[in-house]
Amino acid sequence: MNEDQRLIQFEARINAGEKIEPKDWMPEAYRKTLLRQISQHAHSEVIGMQPEANWALRAPTLRAKKILLAKIQDEGGHGLYLYSAAETLGVDRAEMIEQLQQGKAKYSSIFNYPTLNWADMGAIGWLVDGAAIVNQTMLAKCSYGPYARAMLRICKEEGFHQRQGYEIMAKMMAGNDAQKAMAQDAMNCWWWPSLMMFGPHDADSPHTKESMQWKIKVESNDKLRQRFINRTVEQAYHIGLTVPDPKLKYNKETMNWEIGPINWDEFWNVVKGNGPCNHKRMAHHIKYHNKGQWVRDAAIAFAQNETFVTAL
Ligand code: FAQ
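All values reported here derive from a predicted model rather than from experimental measurement.

Colleague: I'm lost on the overall build of the protein in this one. Help?
Modeller: Helices and strands together make up the secondary structure of the protein, namely 13 helices and 2 strands. Over its C-alpha atoms the protein spans a radius of gyration of 21 Å, differing by no more than 12% from the 20 Å that the globule rule assigns to 312 residues. Along the longest, intermediate and shortest principal axes, the C-alpha atoms of the protein span 70 × 50 × 35 Å. Counting all 312 residues of the protein, 48% fall into the buried class. For the protein, contacts bridging at least 24 residues in sequence account for 77% of all contacts bridging at least 6. Accessible surface for the protein amounts to roughly 16,300 Å². Of this, 57% is attributable to carbon and sulfur atoms. Side chains of the protein carry 38 positive and 35 negative charges; the gap between the two charge centres is 3 Å.

So this is what it looks like as structure tokens:
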């Protein structure tokens, strides 16, 4: 078969809902887009541990601390499944990490904001994991088998994370005036950046058309963002939080909550490395990655020794 015939067969398999597996033929552009997206997703999970780790030693109760530690550990696990899924596309983890540390690979804009009080833990769990679930439930239907399967387990864990965050917010909203103000402040800080997590509007998203054609993404950035808004506005009202958007209004015909304009200058500024914590996040990652070199060396030495002993 020539390249054109292979492409026709590949697209027919995708249209029939089949999963593409690592050893199957795939267009180079499909492999590249998947590698970009999955590795960026993996980096996001790992960098996303940092804002929460800030509170691991300061959680208000032992129960809250145990839950937060379990959540942070889950995020590390998500990073590992995703690096493994990306490795099936022919690039190893060390190279992906090098690309991250050199600024050649992105991670989610959301993790460049600071976590200054306990309510920020609530907002991350409720809003950030809530947005991640909406996006990842869609990605569980992705045409690439290893990515879709990694998403199934990740989504189950994100469901627990979202409830953990909502519980923190609900408890603070049932507390005293100072606690209510902290929760509202966290809502004000995280609402807009959470909406930005879904990426630029469809008309400004260079990758959406091709990614949807190949079912890497099965729904667009705007559609997912709207689903998240509809869900979250109701949850906010339920516990007495105000959505920080004076233009927010319900459209009875479309049954959607319509929002005011998103500040895309802020988004691109953060993506380009100028957010409040970009520098801090990367410096921390590099420092502890270097500190962990002995663990990687020991693992390699152990594996080589095992091979040597087995060969004997
Ligand atoms: N941040 O054409 P599109 C989590 C970039 S995990 C930074 O729309 P695409 C769990 C995009 O890469 C959260 N960059 O691109 C957790 C592209 O640049 P490039 C992470 C962004 O790929 C919770 C350019 O803009 N989730 O939260 C962002 O079709 C708590 C044009 O954009 C994922 O990564 C952004 N927000 O759609 C962990 C999900 N948005 O690459 C710890 C997987 C866009 O050409 C604690 N990823 N860009 O240089 C996706 O679903 C997609 O990649 C999108 C973007 C939807 C993010």
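What follows picks up the thread again.
Colleague: Can you walk me through the packing of helix α2 (residues 28-47) against helix α7 (residues 145-173) in this structure?
Modeller: Two numbers describe a pair of packed helices, the interaxial angle and the distance between the axes. One way to put it is that α2 packs onto α7 with a least axis distance of 13 Å and a crossing angle of 25°. Comparing the axis directions of α2 and α7 gives the class roughly parallel. Once α2 is placed against α7, the crossing between them reads as left-handed. Side by side, α2 and α7 meet where Leu 34, Gln 37, Ile 38, His 41 and Glu 45 of the first sit next to Tyr 147, Met 151, Ile 154 and Glu 158 of the second. A breakdown of the residues in the contact of α2 with α7 according to their chemical character gives 5 nonpolar, 2 polar and 2 charged.

Colleague: Help me understand the packing of aromatic side chains in this model?
Modeller: Between two aromatic rings, the relevant description is the distance of the centres plus the angle of the planes. Counted under the stated rule, the structure contains 14 aromatic pairs. Pairing Trp 264 with Phe 267 gives two aromatic rings, centres 5.4 Å apart and planes at 90°, and the pair type is edge-to-face. Separated by 3 residues within a single helix, Trp 264 and Phe 267 lie in helix α11 (residues 264-274), roughly one turn from each other. Ring centres of Phe 267 and Trp 268 lie 4.7 Å apart, and the angle between their planes is 70°; on these two criteria the pair is classed as edge-to-face. On the accessibility criterion, Phe 267 (6% relative accessible area) is buried. An aromatic cluster of at least three residues, connected via ring pairs, comprises Phe 10, Trp 25, Tyr 30, Tyr 144 and Trp 214. Directly above the ring of Trp 55 sits Arg 58, whose terminal nitrogen or CZ lies 4.6 Å from the centroid.

Colleague: Is there a simple way to think about the packing of helix α6 (residues 118-139) against helix α10 (residues 221-238) in this case?
Modeller: Taken N-terminus to C-terminus, the directions of α6 and α10 make an angle of 140°; their axes are 10 Å apart at the nearest point. Taken together, α6 and α10 sit at an angle that is classed as oblique. Considering the relative orientation of α6 and α10, their crossing is right-handed. Contacts between α6 and α10 involve Trp 126, Leu 127, Gly 130, Ala 131, Val 134, Asn 135 and Met 138 from the first element and Leu 224, Arg 227, Phe 228, Arg 231, Thr 232, Gln 235 and Ala 236 from the second.

Colleague: What exactly am I supposed to notice about the site of the ligand here?
Modeller: Around the ligand, a shell composed of 37 residues is seen, among which Lys 106, Ser 205, His 207, Lys 217 and Asn 221 lie nearest. A distance of 3.3 Å separates a nitrogen atom of the ligand from a polar backbone atom of Met 197. Those elements that provide at least two residues to the shell around the ligand are α2, α4 (62-87), α6, α7 and α11. Element by element, the count of residues in the shell around the ligand is highest for α6, at 7 residues.

Colleague: Quick question: what am I supposed to make of unusual backbone geometry here?
Modeller: The phi torsion of most residues other than glycine is negative, and most of the peptide bonds are trans. Positive phi, close to 55°, is recorded for Lys 215, a residue that is not glycine. Mapped onto the fold, Lys 215 is located in the loop between α9 (208-213) and α10. Residue Lys 215 is classed as partly exposed on the basis of its relative accessible area of 28%. If you check the backbone angles, Met 255 has positive phi at about 60° while not being a glycine. Mapped onto the fold, Met 255 is located in the loop between β1 (249-251) and β2 (256-258).

Colleague: Where do I start with the state of the cysteines in this structure?
Modeller: Here, disulfide denotes a covalent bond that connects the sulfur atoms of two cysteines. All told, the structure shown has 0 disulfides when counted by the stated rule. Here Cys 189 is not cross-linked by a disulfide; its sulfur's nearest cysteine counterpart is in Cys 277, at 11 Å. Assessed through its relative accessible area of 40%, Cys 189 is described here as partly exposed.

Cut-offs and rules
- Throughout, a residue's number is its position along its own chain's written sequence, starting from 1.
- Local features in this predicted model are restricted to residues whose pLDDT is 70 or higher, and side-chain atom pairs enter the listing and the counts only when it is 80 or higher, whereas totals over whole chains, interfaces and linings include all residues.
- As a rule here, side-chain values come from all non-hydrogen atoms in the structure, and water together with hydrogens is ignored.
- Only DSSP runs of H or I covering at least 4 residues are called helices, and only runs of E covering at least 2 are called strands; the numbering of each starts at the N terminus.
- Two things to know: the radius of gyration comes from C-alpha atoms, and the globule rule equals 2.2 Å times the number of residues to the power 0.38.
- Under the scheme applied here, a residue whose accessible area is under 20% of the maximum for its type counts as buried, over 50% as exposed, and between as partly exposed, the area being computed with a 1.4 Å probe on protein chains only.
- For this analysis, residues touch if any pair of their heavy atoms sits within 4.5 Å.
- Accessible areas in this description were obtained via Shrake-Rupley with a 1.4 Å probe; residue shielding takes into account the shown protein chains only.
- For the purpose of charge, His is not counted, nor are the chain termini; Lys and Arg are scored as positive and Asp and Glu as negative.
- Note on charges: their place is set at NZ of Lys, CZ of Arg, CG of Asp or CD of Glu.
- The axes are straight lines fitted to the C-alpha atoms, using for helices just the contacting stretch, and the angles between their N-to-C directions are given from 0 to 180°.
- Working definition: roughly parallel below 35 degrees, roughly antiparallel above 145 degrees, roughly perpendicular at 65 to 115 degrees, and oblique for all remaining angles.
- Take the far helix as your reference; a near helix turned counterclockwise from it by less than a right angle gives a left-handed crossing, and one turned clockwise gives a right-handed crossing.
- Residue polarity is assigned by list, with Asp, Glu, Lys and Arg as charged and Ala, Val, Leu, Ile, Met, Phe, Trp, Tyr, Cys and Pro as nonpolar; anything else, Gly included, falls into the polar class.
- What counts as a ring pair is set by centres within 6.5 Å for rings of Phe, Tyr and Trp (its six-membered ring), and what kind of pair is set by the plane angle: stacked under 30 degrees, edge-to-face over 60, tilted for all other angles.
- Here, a charge over a ring is recorded when the distance from Lys NZ or Arg CZ to the ring centre is within 6 Å and its angle to the ring normal is within 35 degrees.
- Any residue with a heavy atom lying within 4 Å of a molecule or strand is counted as near it.
- Contacts described as polar in this section are N or O atom pairs within 3.5 Å, which, within protein, must combine one atom able to donate a hydrogen with one able to accept it, while residues neighboring in sequence count only if both atoms come from side chains.
- Disulfides are defined as cysteine sulfur pairs within 2.5 Å.

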